[in-house]
Amino acid sequence: MALQLGDIAPDFTVETTSGPLSWHAYLGDGWGVLFSHPKDFTPVCTTELGEVARLKPEFDKRNVKVAGLSVDSLDSHSRWIGDIAETQGHALNYPLIADPDRTVANLYGMIHPNASDTFTVRSVFVIGPDKKVKLTITYPASTGRNFGEILRVIDSLQLTAGYSVATPVNWKDGEDVIIVPSLSDADAAAKFPKGWKALKPYLRVTPQPNR
Ligand code: BEZ
């Protein structure tokens, strides 16, 4: 069965462009993003990997370790990454996993045979400090992902983990958040000294607590 939210993200040891990597040890006590791309030396993938390199400081700020993956060989990755730096203006600054025997791709369900039985699709897994899967996204090969959206979800997940809040539709960092319905008004009063606006008893809006 496919990996689902709340499942433990499987551990693995692999070769990467940064050397051998053991996934859980690499994540340590922090957060992680594992994303697959279909194939080296392809246009959309080249733009995506450059974008993740550009955004690396944003992942670092959030204590998120990133790794990319495809079923190409380490030799292929090593030959391709120069093109990413050259065309995207950002050199790879995170590990790119070589998974030619599909060990990780199979563990994470990254090959969707009715889309392609040779490529990984564009999968994203966000993993929490408890090593549990917090988010999965799957895009087709023809659509480049929006990694700003992935940072936005991480901001939301980290707020939920720290402050008992959820985030409303189209929320962006700095905007008001929602007090989770499981928190009583009495407990909310202690947790949210700035107060809240109750549009309904179950819809209580409060300023972002870490601002
Ligand atoms: C691309 O990255 O452009 C791509 C890769 C595989 C299939 C289609 C597009």
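All figures in this text were calculated on a predicted structure; none of them were measured in a lab. Sequence positions are assigned chain by chain, starting from 1 and proceeding in written order. With the structure being a predicted model, the display of local features is reserved for residues of pLDDT at least 70 and the display and counting of side-chain atom pairs for 80 or more, all residues being used for whole-chain, interface and lining totals. Hydrogens and water molecules were not included; the side-chain quantities draw on all heavy atoms of the structure.

Draft legend 1. The arrangement of the overall build of the chain in detail. Helix and strand assignments follow DSSP, with helices taken as H or I runs no shorter than four residues and strands as E runs no shorter than two, numbered in order from the N terminus. Each helix and strand counted, the chain has six helices and 11 strands in total. Judged by the C-alpha coordinates and their principal axes, the chain covers about 60 × 40 × 30 Å. By sequence separation, contacts in the chain at least 24 residues apart represent 65% of the contacts at least 6 residues apart. For the accessible areas, the method is Shrake-Rupley and the probe is 1.4 Å, while residue cover comes only from the protein chains on display. As displayed, the chain offers around 10400 Å² of accessible surface, 53% of which is attributable to carbon and sulfur atoms. By the convention used here, residues are in contact when the closest approach between their heavy atoms is within 4.5 Å.

Draft legend 2. Representation of unusual backbone geometry. You will see that Lys131, though not glycine, has its phi angle at about 70°, which is positive. By the secondary structure assignment, Lys131 is in the loop between strand E6 (122–127) and strand E7 (133–139). Since its relative accessible area comes to 14%, Lys131 is described here as buried. With a phi angle near 60°, Asn170 is a residue other than glycine that sits in the positive phi range. Tracing the backbone through its elements, the reader meets Asn170 in the loop between strand E8 (165–166) and strand E9 (177–179). The exposed category is assigned to Asn170, whose relative accessible area is 63%. Here the term buried applies to any residue with accessible area under 20% of the maximum for its type, exposed to any over 50%, and partly exposed to those in between, with areas from a 1.4 Å probe on protein chains only.

Draft legend 3. Representation of the nonpolar core in the model. Val33, Phe35, Leu49, Phe59, Tyr94, Val126 and Ile150 are the most contacted members of the largest nonpolar core, which has 26 residues in total. Counting only elements with at least two residues in this core, the list comes to strand E3 (31–36), helix H2 (43–61), strand E4 (64–70), helix H3 (74–88), E6, E7 and helix H5 (147–163). Each residue touching Tyr94, except ones within four places of it in the same chain, is listed here: Thr17, Ser18, Phe35, Leu49, Val52, Ala53, Lys56, Val66, Ala67 and Gly68. Put simply, buried Ala, Val, Leu, Ile, Met, Phe, Trp, Tyr and Cys residues joined by side-chain atoms within 4.5 Å make one nonpolar core. Counting residues in each nonpolar core, the second largest holds 20 residues, with Phe12, Leu34, Ala67 and Val104 among its members.

Draft legend 4. Broad picture of the site of the ligand. Here a residue is near a molecule or strand as soon as one of its heavy atoms is found within 4 Å of it. As a structural note, the neighbourhood of the ligand is formed by Pro38, Thr42, Pro43, Val44, Cys45, Arg122 and Ala141. Here Pro43 contributes a backbone N or O atom positioned 3.4 Å from an oxygen atom of the ligand. Between the ligand and Arg122 there is a distance of 3.1 Å, counted from an oxygen atom to a side-chain nitrogen or oxygen. Bound to the protein, the ligand loses 77% of the 270 Å² it would expose on its own. When its residues are assigned to classes, the shell around the ligand shows five nonpolar, one polar and one charged. Pairing of N or O atoms within 3.5 Å defines a polar contact, subject to two protein rules: one partner must be a possible hydrogen donor and the other a possible acceptor, and residues neighboring in sequence count only if both atoms are side-chain atoms. Residues are sorted three ways: Asp, Glu, Lys and Arg are charged, Ala, Val, Leu, Ile, Met, Phe, Trp, Tyr, Cys and Pro are nonpolar, and all the rest, Gly among them, are polar.

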